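# Secondary and tertiary structure notes
Residue strings, one per chain:
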There are 2 protein chains.
Amino acid sequence: MTKATQLLGISNAIVDILAHVDHALIEKMGIVPGSMNLIDERRASEIYAMMGPATEMSGGSVANSVAGFANLGGSAAYIGRVKADQFGEIFNHDMRSLGVDIRLAPAADGAPTARSHVLITPDGQRTMNTYLGACTELSAHDITAATIGTPQVILLEGYVWDLPEGPALTRKAIEIGHAQGAAIALSLSDSFCVERHRASFVDAVGNGVDIVLADEDEIYQLLQTDSFDATLAALKSYANLFAITRSELGSVIVQGDTLITQAAHKVDALVDTTGAGDAYSAGFLFAWANRYPLAECARLGTFCATRVIQQLGARIEPGALLNYR
Amino acid sequence: MTKATQLLGISNAIVDILAHVDHALIEKMGIVPGSMNLIDERRASEIYAMMGPATEMSGGSVANSVAGFANLGGSAAYIGRVKADQFGEIFNHDMRSLGVDIRLAPAADGAPTARSHVLITPDGQRTMNTYLGACTELSAHDITAATIGTPQVILLEGYVWDLPEGPALTRKAIEIGHAQGAAIALSLSDSFCVERHRASFVDAVGNGVDIVLADEDEIYQLLQTDSFDATLAALKSYANLFAITRSELGSVIVQGDTLITQAAHKVDALVDTTGAGDAYSAGFLFAWANRYPLAECARLGTFCATRVIQQLGARIEPGALLNYR
């Protein structure tokens, strides 16, 4: 018997191409260090040609959360578009090997599977250049009662709004999800993404999104606030559940008058901060789906984020929970 | 002006697919832990389906040596067959980004680019399952005066003898190379490979190969000796230059009556022994091509091997020589 799906992720299915570079190369490429840039195929070829030898692994923000959720022992499913090419095969293999149910077959035609060229400078900072490829062809037609099923929670990412049919397909996912009794969670992706789509995100948060996952920059950008106190005050007028991560300041959970603060955990050796937010979302939603109290959701989110920054790679490894508590 | 090519590698062009697994899975797959197995496409699919999430990076024994040689500052070229697919693109990109001159265009048809499924157990041991794919279609027709050019040294690997046209194409490479004034080096790959092709290797060493690169197991298997002393005695009757690596016992260079012993260097933190032999070959041949004395060739080989086992990944990083001496 198949375990009922707890989490369904809908997001950009991306393979990361990682390489170590120096600051001079980033400058020569004309890229702002630490930024996430959307690039076209021509620019992708240009950047790839300038990069040194690389390592490839499955990535994507919400896809990382879904993989982490599965590795915590949760039952997860995924909707994202890859092409039937080698990167698409890699992406689906990696998800399936964790027990994630892939809901869409790889596309026989169209753009190739998405890749993000991740440039890592000696200070550990990552600059991302993402060619969305096949992701951009994810369509509202791919979102149906059959592909959604009956998950406890659907996790969307802000980046999906960058797709031509992103607003339509997320709206459809929210409607079908609610009709099936699912809660809707939205990860705000990054502050530039929020800047690009603020009106749509405000609308979604007011109409259908139940849980908002964000870091400080993202929530400031969404609410147009400029301090944490102002943000907390603004959040009180919302009915949604907000989980706000604050790096070394821990995280804060807000739901109406409820305010829960969770301190950061001790970090023995910081290896790579990539995926901290995605791991937090995985832990938070795993606890939430298992009906833990909110304080415990925050604590498990923090535990997962703390683990992932002390390892290479953005996904929580299997068995992470063995060390919990 | 293009710098004259110092090293030309001819070998299997392989992308490594690496995943951490436990011993139980290796057993379930029916594989001998630590072995290098040649597998067909069906078995490759089977093993890949049983593997967890993986990381992909360019690999292949002599290809690693060629990449390392380039990273030491040497001028290198490469002959190996990849298909015009995403793994082929990755392989060529990674080589070219180091300045390696790729002599064959990716094949438009035939088998897909080769991949080696590398299973890493918690003790750090690697078990390799290699689907040779496009490599097997490397042909004697690909070896011409034009693709060989005029390198100082041509590096062949024993694994090439596993290809249908391997014996013919290596023979052709030796003949063209010698006619162009190149020295021929042969890396013996692994002891099982030597077992498979011993007669051919003995013939090649007697007819055309100038430099033999091997570890103890490989040279014992080639000479059918069972002790290091017996091996040294047997080597005296050969005219070839032998570089024999002995792990923590360092390495020994033998050429007729000349015997040079090089102690191992201190290892601060062993990370991953993969690629130690390939890195040794890179350093040894770089020094040799630059006409360093033999003792210095051994010392640079050891330096490179010592570096590569203290990092993740089998290829020497750029700028490694900055820390030499």
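Residues numbered from 1 in each chain as written. Chains lettered and ligands numbered in written order. Predicted model: local features only at pLDDT ≥ 70, side-chain atom pairs only at ≥ 80, totals over all residues.

So, about the overall build of chain A. Within chain A, the secondary structure is distributed over twelve helices and 14 strands. The globule rule puts the C-alpha radius of gyration for 325 residues at 20 Å, and the 18 Å found for chain A is close to it. Counting only C-alpha atoms, chain A reaches 50 × 45 × 40 Å along its principal axes. Expressed as a percentage of the 325 residues in chain A, the buried residues total 50%. Restricting the contact set of chain A to residue pairs at least 6 apart, pairs at least 24 apart contribute 76%. (Helix = DSSP H or I, 4+ residues; strand = E, 2+ residues; numbered from the N terminus. Rg over C-alpha atoms; globule rule 2.2 N^0.38 Å. Buried ≥ 20, exposed ≤ 12 C-beta atoms within 10 Å, placed from the backbone. Contact = placed C-beta atoms within 7 Å.)

Residue and element names in this part refer to chain B. Secondary-structure assignment places Y131 in strand β8 (residues 126–131). Owing to 27 C-beta atoms within 10 Å, Y131 belongs among the buried residues under this scheme. For the pair Y131 and I17, spaced 114 residues apart in sequence, the C-alpha separation works out to 11 Å.

What follows covers the confidence of the model for chain A. Confidence in the prediction of chain A, expressed as mean pLDDT, is 94, and 99% of residues score 70 or more. Scoring the predicted complex yields pTM 0.89 and, for the interface, ipTM 0.84. (pLDDT = per-residue confidence, 0-100.)

The next point concerns the sheet that holds strand β1 (residues 7–10) of chain A. Residues and elements named next belong to chain A. With respect to topology, nine strands assemble into an open sheet ordered β6-β5-β1-β9-β10-β11-β12-β13-β14, the strand pairing being mixed. For this open sheet the edge positions go to β6 (101–102) and β14 (258–262), each flanked by a neighbour on one side alone. Bridge count for strand β13 (residues 251–255) against β14 is five bridges, and the pairing is antiparallel. Residue pairing across strands places S251 opposite Q262, the latter belonging to β14. Packing of helix α6 (residues 166–179) onto the sheet brings it into contact with β1, β9 (153–157) and β10 (183–187), and relative to β9 it is tilted by some 170°. (Pairing = 2+ DSSP bridges. Axes fitted to C-alpha atoms, helices over the stretch in contact; angles between N-to-C directions.)

Okay, the sheet that holds strand β4 (residues 55–59) of chain B next. Across the sheet, ten strands lie side by side as β3(A)-β8(A)-β7(A)-β2(A)-β4(A)-β4(B)-β2(B)-β7(B)-β8(B)-β3(B); this open sheet has mixed pairing. The sheet is open, and its two borders are formed by β3 (36–39) of chain A together with β3 (36–39) of chain B, each paired with just one other strand. Geometrically, the sheet is characterised by an average inter-axis angle of 25° between neighbouring strands, direction not taken into account. Judged from the five bridges that link them, strand β2 (residues 14–20) of chain B and β4(B) form a sheet pairing that is antiparallel. Residue B:D16 lies in a different strand from β4(B), and its bridge partner there is B:M57.

Between chain B and chain A, the contact holds 18 residues from the first and 18 residues from the second. Of all elements in the fold, only β4 and α4 (86–96) of chain B reach the threshold of two or more residues within the side of chain B that touches chain A. Among the elements that line the side of chain B that touches chain A, the one with the most residues is α4(B), at five residues. In the side of chain B that touches chain A, the residues fall into eight nonpolar, six polar and four charged. Here three bridges tie strand β4 (residues 55–59) of chain A to β4(B), and the two strands are oriented antiparallel to one another. Residue pairing for β4(B): A:M57 is matched across the bridge by B:T55. (Nonpolar A, V, L, I, M, F, W, Y, C, P; charged D, E, K, R; others polar.)

With that out of the way, let us pick up the relation of the copies chain B and chain A. Expressed as a screw transformation, the operator carrying chain B onto chain A has a rotation angle of 180° and an axial translation of 0.0 Å, and the superposed copies differ by an RMSD of 0.0 Å. Expressed as an axis order, the relation between the two copies is that of a two-fold axis. Ranked by how close their C-alpha atoms come to the rotation axis, the residues of chain B are headed by B:E56, at 2.5 Å. Taken together, the interface assignments show that 100% of the residues at the interface of chain B recur at the interface of chain A, consistent with an identical surface on both copies. (Least-squares fit on C-alpha atoms with pLDDT ≥ 70 in both.)

Let's shift gears to helix α7 (residues 191–206) of chain B. Residue and element names in this part refer to chain B. The end-to-end C-alpha distance of α7, which contains 16 residues, comes to just 19 Å, noticeably less than the 22 Å that a straight helix rising 1.5 Å per residue would cover. Roughly 85° is the biggest bend found in α7, and it falls at H197. Listing the buried residues of α7 in full gives C193, V194, H197, F201, A204 and V205. Lining the buried residues of α7 we find α6 (166–179), β10 (183–187), β11 (211–215) and α8 (216–223). At the exit of α7 stands G208, carrying a positive phi of roughly 125°. (Expected span 1.5 Å × (residues − 1). Bend = angle between axes of the 7 residues up to and from the residue.)

A few words now on the packing of α8(B) against helix α9 (residues 228–235) of chain B. Residues and elements named next belong to chain B. It is at 10 Å that the axes of α8 and α9 come closest, and there the two elements cross at 60°. For the element pair α8 / α9, the angle class is oblique. The two elements α8 and α9 cross, and the hand of that crossing is left-handed. For the pair formed by α8 and α9, the contact residues are E216, I219, Y220 and L223 on the first element and F228, T231 and A234 on the second. When its residues are assigned to classes, the contact of α8 with α9 shows five nonpolar, one polar and one charged. (Parallel < 35°, antiparallel > 145°, perpendicular 65-115°, else oblique. Left-handed = near helix turned anticlockwise from the far one by under 90°.)

All names here are of chain A. Tracing the sequence through the fold places T231 in helix α10 (residues 228–235). When the C-alpha positions of T231 and G313 are compared, they lie 31 Å apart, and in sequence the two are 82 residues distant. Ignoring sequence-local partners within four residues, the contact set of T231 consists of I219, Y220, L223 and T225.

Residue and element names in this part refer to chain B. The side-chain alternation of strand β5 (residues 76–79) yields two buried faces, one formed by A76 and Y78 and the other by A77 and I79. Sheet analysis places strand β1 (residues 7–10) next to β5, joined by four bridges and oriented parallel. From the neighbouring strand, L7 faces β5, where its bridge partner is A76. Where β5 and strand β6 (residues 101–102) come together, two bridges link them in parallel fashion. When the bridges of β6 are listed, A77 appears paired with D101. For the handedness criterion, the β-α-β arrangement of β5, α4 and β6 is classed as right-handed. (Right-handed = clockwise from strand over helix to strand, strands pointing away.)

Our focus in this paragraph is α4(B). Burial within α4(B) is extensive, with eight of its eleven residues counted as buried. Those residues of α4(B) lying buried are B:Q86, B:F87, B:G88, B:I90, B:F91, B:N92, B:D94 and B:M95.

This paragraph deals with unusual backbone geometry. Glycine aside, a negative phi is what most residues show, and trans is what most peptide bonds show. Residues and elements named next belong to chain B. In the Ramachandran plot, S189 falls in the positive-phi region, its phi being about 70° despite a non-glycine side chain. Turning to its location among the elements, S189 is positioned in the loop between β10 and α7. Positive phi outside glycine occurs at Q224, with the angle close to 60°. Turning to its location among the elements, Q224 is positioned in the loop between α8 and α9.

Here we come to the packing of helix α10 (residues 276–289) of chain B against helix α11 (residues 294–308) of chain B. Residues and elements named next belong to chain B. Two numbers describe how α10 lies on α11: the axes approach to 7 Å, and their chain directions differ by 145°. Relative to α11, the crossing made by α10 is right-handed. Taken together, the residues of α11 that come into contact with α10 (itself represented by A276, A279, Y280, A282, G283, F284, F286, A287 and W288) are E296, C297, A298, L300, G301, T302, F303, C304, A305, R307 and V308.

Take the environment of A:T130 next. With respect to the helices, strands and loops of the structure, A:T130 is situated in strand β8 (residues 126–131). The contacts of A:T130, once residues within four sequence positions are left out, are A:I14, A:M36, A:N37, A:L38, A:I39, A:A114 and A:S116.

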